[in-house]
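Report on the structure
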Amino acid sequence: MADVLRQVLPSEHEQLLHLLERGFGHEVGFFQREMPHWYADPEICCANSYVLETGAGIVAHAGLHPIEMTATGLSCKVGGVGCVVTAPEERGKGHMSRLLQHVITTMRQGGYALSWLAGDRQRYNSYGWEAAGLVYDLLITVRSLEWAAVAPLPMEERSPERALATIEALYRKSCCWAARPRLAEQIARQNLRIWTTEDGYAITRGAPGKRQQIVELVSASRREPRMIRTILEATGASEATWELPACDGERLPRLMPYAAQWHAGPNGMFRIVDLALLLEAAVPHLRRWANALDGYSLCLAIQEHDRTMSATIAFGGGEVQITRGRCADEVIELDILEATRLLLGGPPTGREAKLSPCLLAALPLPTHILPLDAV
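Residues numbered from 1 in each chain as written. Predicted model: local features only at pLDDT ≥ 70, side-chain atom pairs only at ≥ 80, totals over all residues. Heavy atoms only, no water.

**Examining the overall build of the protein chain**
Scanning the protein chain for helices and strands turns up 15 helices and 17 strands. Taking 375 residues into account, the globule formula puts the C-alpha radius of gyration at 21 Å, and the protein chain, at 22 Å, falls close to it. On the principal axes, the C-alpha backbone points of the protein chain span a range of 60 × 60 × 30 Å. Per-residue burial over the protein chain gives 55% buried out of 375 residues. Contacts in the protein chain between residues at least 24 apart in sequence constitute 70% of all its contacts with a sequence separation of at least 6. Of the roughly 15700 Å² that the protein chain leaves accessible, carbon and sulfur atoms contribute 51%. Put simply, the protein chain has 37 plus and 43 minus side-chain charges, and the middle of one group is 3 Å from the middle of the other. (Helix = DSSP H or I, 4+ residues; strand = E, 2+ residues; numbered from the N terminus. Rg over C-alpha atoms; globule rule 2.2 N^0.38 Å. Buried < 20%, exposed > 50% of the residue type's maximum accessible area, 1.4 Å probe, protein only. Contact = heavy atoms within 4.5 Å. Areas by Shrake-Rupley, 256 points an atom, 1.4 Å probe, with all protein chains shown as cover. Lys, Arg positive; Asp, Glu negative; His and termini not counted. Charge placed at Lys NZ, Arg CZ, Asp CG, Glu CD.)

**A few points about the nonpolar core**
Judged by nonpolar contacts, the single largest core of 65 residues is most densely connected at Tyr39, Ile272, Leu275, Phe315 and Leu365. Per element, the largest residue contribution to this core is six residues, and it comes from helix 14 (residues 336-344). Residues in contact with Leu365, not counting those within four places in the same chain, are Leu74, Leu278, Leu279, Ala282, His285, Leu286, Leu343 and Leu344. One finds Leu64, Met96, Leu117 and Ala131 within the second-largest nonpolar core, a separate group that totals 22 residues. (Core = buried A, V, L, I, M, F, W, Y, C linked by side-chain atoms within 4.5 Å.)

**Some points on helix 10 (residues 224-235)**
Compared with an ideal rise of 1.5 Å per residue, which puts twelve residues at 16 Å, helix 10 spans 17 Å between its outermost C-alpha atoms and is within 8% of the ideal. Counting buried positions along helix 10 gives nine out of twelve residues, so the element sits mostly inside the fold. Those residues of helix 10 not exposed but buried are Glu224, Pro225, Met227, Ile228, Arg229, Thr230, Ile231, Leu232 and Thr235. One or two residues past the end of helix 10 sits Gly236, with phi positive at roughly 70 degrees. (Expected span 1.5 Å × (residues − 1).)

**Digging into the sheet that holds strand 15 (residues 308-316)**
Spatially, 16-15-14-17 is the arrangement adopted by the four strands of the open sheet, whose pairing is mixed. Each edge of the open sheet is held by one strand with a lone partner, namely strand 16 (319-324) and strand 17 (331-335). Neighbour to neighbour, the strand axes of the sheet diverge by 20 degrees on average, direction disregarded. Pairing of strand 15 with strand 16, which is carried by six bridges, proceeds in the antiparallel orientation. Looking across to strand 16, one finds that Ala311 is bridged to Arg324. (Pairing = 2+ DSSP bridges. Axes fitted to C-alpha atoms, helices over the stretch in contact; angles between N-to-C directions.)

**Overview of the packing of aromatic side chains**
Under the criterion given, the structure shown has six aromatic pairs. Aromatic side chains Phe24 and Phe31 sit 5.9 Å apart centroid to centroid with 55 degrees between the ring planes, which places their arrangement in the tilted category. Residue Phe24 is classed as partly exposed on the basis of its relative accessible area, which comes to 37%. On the basis of relative accessibility, which here comes to 2%, the residue Phe31 falls in the buried class. Each ring, one from Tyr171 and one from Trp177, has its centre 6.2 Å from the other, and the planes form 75 degrees; the classification is edge-to-face. Each member of the aromatic cluster is reached from another via a ring pair, and the members are Phe24, Phe30, Phe31 and Tyr39. (Phe/Tyr/Trp six-rings, centres within 6.5 Å; stacked < 30°, edge-to-face > 60°.)

This is the structure:
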């Protein structure tokens, strides 16, 4: 039979899960427990799963999960690409390359501004994904909290069912969040612990006595350090890590004094799918620099492997206008990896000097995928 690129049928749900378990070496049932909101329900799973079928059957898979991301006001549709796998006996035949190109085309047609995945940089650079999105990983210890005289805060550990209403009411109060239509299943992921106060919650991961990972923490009353102190005491741990995006200009300065140390790195691998959609989503952010850039226009032209996408940014009268195509005299041409680092945050590209200093001050655009929403 001819090779076919297609979505999975609900009747093939168990077959797909077996491919994922075999390809990644996980035990039976791993994906339903680790990502129940994506893989437990056959209809939802298959609506977001693309496969390559050959004469040998279904031999490769890539999940495309829609994430409605908001980061300090910038809201856009992100294609979370996950569980990219080829059957062990079918590797080295170009199956994954064909499947990823199919997923990219699907995102272009589906109104996605960005894509995100976690994976090897060299492998995914070839398809236009680049490490970007600066985050700071804070290490907070019992000693660093004691040094700042931080006292514990009364908290209750709750089951996902009992914590659901609190999380639902509060998670959008963070500067970065994603719409969560299946929140009940999402917080039921394996190995998560949930803690609540009257106006806050924390989701953590980590074995008792070991370093705790703060997956997500929200406190309407800004009592995050006290919540962390309580979690460390309850788990018998001496330290916790918490990854915060560079665009979180309220919490980062406030929490940095409690960190014993920190390191910075990328949020993951991003790909610009539709430049104009991304810039349109960023208009509320760019408008802050509109007066300083009055009368300035610039076209960004991004070269991909199979096409060039371009969009023009024009500032005037305190407003920002985004137009598809080359509609400005000044044009900056970038390859897709350079554009991702320039627009979303990464090491210098060498093109920064060509931008207006005021426009450069507006970059990177705020983007962030939270650990709970990663695929």
